[in-house]
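Residue-level structure breakdown
Below, each chain spelled out in residue letters.
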Amino acid sequence: MVKIAIVYHSGYGHTAVQAKAVYRGANEVAGAEVSLIPVEDYAQNWEIIDAADAIVFGSPTYFGSASAQFKSFLDETSGRWLEGRWVNKLAAGFTNSAGMSGDKLATLQQINHFAMQHGMIWVGLGLPPGNNTSTGSPEDLNRLGGFMGAMSQADADVGPEVAPAGSDLRTAEYLGRRVAETALRWQAGAAT
């Protein structure tokens, strides 16, 4: 059994929809126990987060960066960093913005850098870019062409019941499955 914690912030609900897709994907994998933790509730869930074999971090991209609420959570982990509590745990990330680019890569790099400082092992998306040929489609997985983590796009004037796009949510589900499967392999390798 592997434990996966998905810790995320969502300002307008779009990133929460994406987080739930990551949860669904990870939860499909036999042997995975998955917890979905809004960043507002992290203080009550440290035990779950610390016990996780993999932590998937999610934040909206605001002005080319993670949200202030998410960054506050990152800062609160400094004691765990000092103790090395998360060394060799798996990590992954996802983000949403209104723009097709929206500088989402900068947010994923910020999350990746944070995970590297904690000594974590990063799990990237592992998908080729979608929708990048004349025969491609916006329905392709990884339609936004990210490699570091799952990216989604939601128009600023629509609610989370409409966006992100279905292909972005399927990409987030793929990331969740990939993290869970990687955690099982990582755990099996550690046992030998």
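The notes below deal with the structure included here. Every value quoted in this text rests on a predicted model; they were computed, and no experiment measured them.

Considerations on the layout of surface pockets
The space that makes up the largest pocket amounts to roughly 190 Å³. Tyr12, His14, Tyr62, Asn96 and Ala98 are, among the 14 residues lining the largest pocket, the residues nearest its centre. When residues of the lining of the largest pocket are assigned to their parent elements, the largest contribution, three residues, is made by strand β3 (residues 54–62). Looking at the lining of the largest pocket, its residues break down into six nonpolar, eight polar and no charged.

Quick word on the side chain of Asn96
Along the chain, the position of Asn96 falls in strand β5 (residues 90–97). In this view, Asn96 contacts His14, Thr15, Gln18, Ser59, Pro60, Thr61, Lys104, Ser152, Gln153, Ala154 and Pro164; residues no more than four positions away in its chain are not counted.

Some thoughts on the nonpolar core
Core analysis: the biggest nonpolar cluster contains 28 residues, and Ile4, Ile6, Ala32, Val56, Phe94, Leu175 and Val179 have the highest contact counts within it. Residues Ala52, Phe70, Ala115 and Trp122 belong to the second largest nonpolar core, which totals 21 residues.

Notes on the pairing of β5
Of all eight residues that make up β5, eight are buried, and the element is covered over most of its length. Residues of β5 alternate between two faces, with Leu90, Ala92, Phe94 and Asn96 on one and Ala91, Gly93, Thr95 and Ser97 on the opposite face, all of them buried. Bridge count between β3 and β5: seven bridges; the pairing is parallel. Bridge assignment links Gly58 to a residue of β5, and that residue is Phe94. With two bridges connecting them, β5 and strand β6 (residues 121–122) associate as parallel partners. Bridge assignment links Leu90 to a residue of β6, and that residue is Ile121. With four bridges connecting them, β5 and strand β7 (residues 150–153) associate as parallel partners. Residue pairing across strands places Thr95 opposite Met151, the latter belonging to β7.

Topic: helix α3 (residues 68–75)
Phe70, Phe73 and Leu74 are the residues of α3 that are buried. Within α3, the buried residues cover an arc of 100 degrees as seen down the axis, which keeps them to one side. Along α3, exposed side chains directed more than 90 degrees from the buried face belong to Ala68 and Asp75. Contacts from the buried residues of α3 go to β1 (2–8), α2 (46–51), β3, β4 (65–66), α4 (78–83) and α5 (104–117).

As for the pairing of β1
Here β1 lies mainly inside the structure; six of its seven residues are buried. Pairing of β1 with strand β2 (residues 32–38), which is carried by seven bridges, proceeds in the parallel orientation. When the bridges of β2 are listed, Val7 appears paired with Ile37. Handedness of the β1-helix α1 (residues 14–27)-β2 crossover: right-handed.

Definitions and cut-offs
Residues numbered from 1 in each chain as written. Predicted model: local features only at pLDDT ≥ 70, side-chain atom pairs only at ≥ 80, totals over all residues. Heavy atoms only, no water. 1 Å grid on protein atoms, 1.4 Å probe; cavity = no way out; pocket = protein on both sides within 12 Å on 5 of 7 lines; lining within 4 Å. Points joined across faces, edges and corners; volume = space filled by probe spheres on them. Helix = DSSP H or I, 4+ residues; strand = E, 2+ residues; numbered from the N terminus. Nonpolar A, V, L, I, M, F, W, Y, C, P; charged D, E, K, R; others polar. Contact = heavy atoms within 4.5 Å. Core = buried A, V, L, I, M, F, W, Y, C linked by side-chain atoms within 4.5 Å. Buried < 20%, exposed > 50% of the residue type's maximum accessible area, 1.4 Å probe, protein only. Pairing = 2+ DSSP bridges. Arc of directions from axis to C-beta. Right-handed = clockwise from strand over helix to strand, strands pointing away.

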